[in-house]
Amino acid sequence: MNEKTKEIGSRIFELRDLSEISAEEMAEYLKIDVEKYREYESGALDIPASILYEIAHKLGVDMGLLLTGEETRMHIFTVTRKGKGAAVERRKQYKYENLAEKFIHKKAEPFIVTVDPKDMEKEPSKNSHPGQEFDYVLEGTLKIYIHNNELILEEGDSIFFDSSYEHAMEALNNKTAKFLAIVM
């Protein structure tokens with residue numbers, strides 16, 4: 001079990017408890033099984049960034065607090081230097097770098113997402129979350145799976161979609177792909 005995953009889960013448990021929100025209520029809000037939610041809080045399972053975003057919203061805190069344990073304070077601007085965003089490795093197939101973890105009351109969460117190529121004979125596991133998402137390909141080629149569709153995006157291409165539909169991304173051509181993801 002990753003120590004950072006346990007710390008994030010512990011912070012979520014504490015904030016949920018202080019907010020007098022039951023684990024069942026949180027799981028229902030997230031549209032997931034309560035046992036799976038409890039595994040997130042215990043640190044037994046990595047939490048997808050999209051779920052972390054929704055938990056922060058339900059708890060009325062910024063995602064940065066869940067990630068770092070520090071209150072976000074910046075309200076005019078925040079600068080994140082190249083490669084210095086908070087690492088959020090929430091799903092095995094993707095690596096996330098949060099680009100605005102210190103900005104308070106965000107209306108969206110920006111990430112640089114890295115997808116390593118895999119030998120896939122089937123579609124990657126999909127996820128969904130409330131809201132919308134904008135993805136802009138910075139490097140490589142991505143295959144996007146969304147609501148019974150498969151699209152290929154090259155460097156410079158983008159997609160904006162309703163993220164309540166199941167979706168996944170896969171790096172193609174045996175090369176790592178990077179994209180800017182903005183979750184709203």
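Residues numbered from 1 in each chain as written. Predicted model: local features only at pLDDT ≥ 70, side-chain atom pairs only at ≥ 80, totals over all residues. Heavy atoms only, no water.

1. Considerations on the packing of aromatic side chains
Point 1. Under the counting rule described, the total for this entry stands at one aromatic pair.
Point 2. Its end group placed over the ring of Tyr29, Lys58 keeps NZ or CZ at 5.0 Å from the ring centre. (Phe/Tyr/Trp six-rings, centres within 6.5 Å; stacked < 30°, edge-to-face > 60°. Lys NZ or Arg CZ within 6 Å of the ring centre and 35° of its normal.)

2. Considerations on the side chain of Arg16
Point 1. Here Arg16 is to be found in helix α1 (residues 3-18).
Point 2. Taking the relative accessible area as the measure of exposure, Arg16 reaches 6% and is therefore buried.
Point 3. Filtering out sequence-adjacent residues up to four positions away, Arg16 remains in contact with Ile21, Ser22, Ala23, Met26, Tyr37, Glu41 and Leu59. (Helix = DSSP H or I, 4+ residues; strand = E, 2+ residues; numbered from the N terminus. Buried < 20%, exposed > 50% of the residue type's maximum accessible area, 1.4 Å probe, protein only. Contact = heavy atoms within 4.5 Å.)

3. Regarding the environment of Met169
Point 1. For Met169, the location among the structural elements is in strand β8 (residues 167-171).
Point 2. Take Met169: its relative accessible area is 5%, and that puts it in the buried class.
Point 3. As a C-alpha pair, Met169 and Ile152 span 17 residues in sequence and 9.7 Å in three-dimensional space.

4. Observations regarding unusual backbone geometry
Point 1. One non-glycine residue, Glu20, lies in the positive phi region at around 55 degrees.
Point 2. Secondary-structure assignment places Glu20 in the loop between α1 and α2 (23-30).
Point 3. On the basis of relative accessibility, which here comes to 72%, the residue Glu20 falls in the exposed class.
Point 4. Its identity is not glycine, yet Asn148 carries a phi of approximately 65 degrees, on the positive side.
Point 5. The topology assignment puts Asn148 in the loop between β5 (142-146) and β6 (149-153).

5. Quick notes on the pattern of salt bridges
Point 1. Throughout the structure, instances matching the rule amount to six salt bridges.
Point 2. The residue Lys58 makes a salt bridge to Glu25 at a minimum N-O spacing of 3.5 Å. In this pair, Lys58 is assigned in helix α4 (residues 49-59) and Glu25 in helix α2, connecting sequence segments 33 residues apart.
Point 3. Among the ionic pairs, Glu109 bridges to Lys106, the shortest N-O distance being 3.5 Å. Neither residue differs from the other here; Glu109 and Lys106 are each classed as buried. (Salt bridge = Lys/Arg side-chain N within 4 Å of Asp/Glu carboxyl O.)

6. Side note on the packing of α1 against α4
Point 1. With their axes 10 Å apart at the nearest point, α1 and α4 run at an angle of 25 degrees to one another. Comparing the axis directions of α1 and α4 gives the class roughly parallel. α1 and α4 meet at a crossing whose hand is left-handed. Contact residues: α1 offers Ile8, Ile12, Leu15 and Arg16, while α4 offers Leu52, Ile55 and Leu59.
Point 2. In terms of residue class, the contact of α1 with α4 is built from six nonpolar, no polar and one charged. (Axes fitted to C-alpha atoms, helices over the stretch in contact; angles between N-to-C directions. Parallel < 35°, antiparallel > 145°, perpendicular 65-115°, else oblique. Left-handed = near helix turned anticlockwise from the far one by under 90°. Nonpolar A, V, L, I, M, F, W, Y, C, P; charged D, E, K, R; others polar.)

7. With respect to the sheet that holds β6
Point 1. Across the sheet, three strands lie side by side as β6-β5-β8; this open sheet has antiparallel pairing. One side of each edge strand has no neighbouring strand; the edge strands of this open sheet are β6 and β8. Between one strand and the next, the sheet's axes are offset by a mean angle of 20 degrees, whatever the strand orientation.
Point 2. Note: β5 against β8, five bridges, orientation antiparallel. Bridge assignment links Tyr145 to a residue of β8, and that residue is Ala168. (Pairing = 2+ DSSP bridges.)

8. Quick word on empty space enclosed by the protein
Point 1. Counted according to the given criterion, the structure contains two cavities of 30 Å³ or more.
Point 2. Counted as a void, the largest cavity has a volume near 160 Å³.
Point 3. Along its surface, the largest cavity is lined by 16 residues, and Tyr96, Asn127, His129, Glu133 and His167 are the ones closest to its centre.
Point 4. Every element with two or more residues in the lining of the largest cavity is listed here: α4, β2 (94-98), β3 (109-115), β8 and β9 (177-183).
Point 5. Residue classes in the lining of the largest cavity are distributed as eleven nonpolar, four polar and one charged. (1 Å grid on protein atoms, 1.4 Å probe; cavity = no way out; pocket = protein on both sides within 12 Å on 5 of 7 lines; lining within 4 Å. Points joined across faces, edges and corners; volume = space filled by probe spheres on them.)

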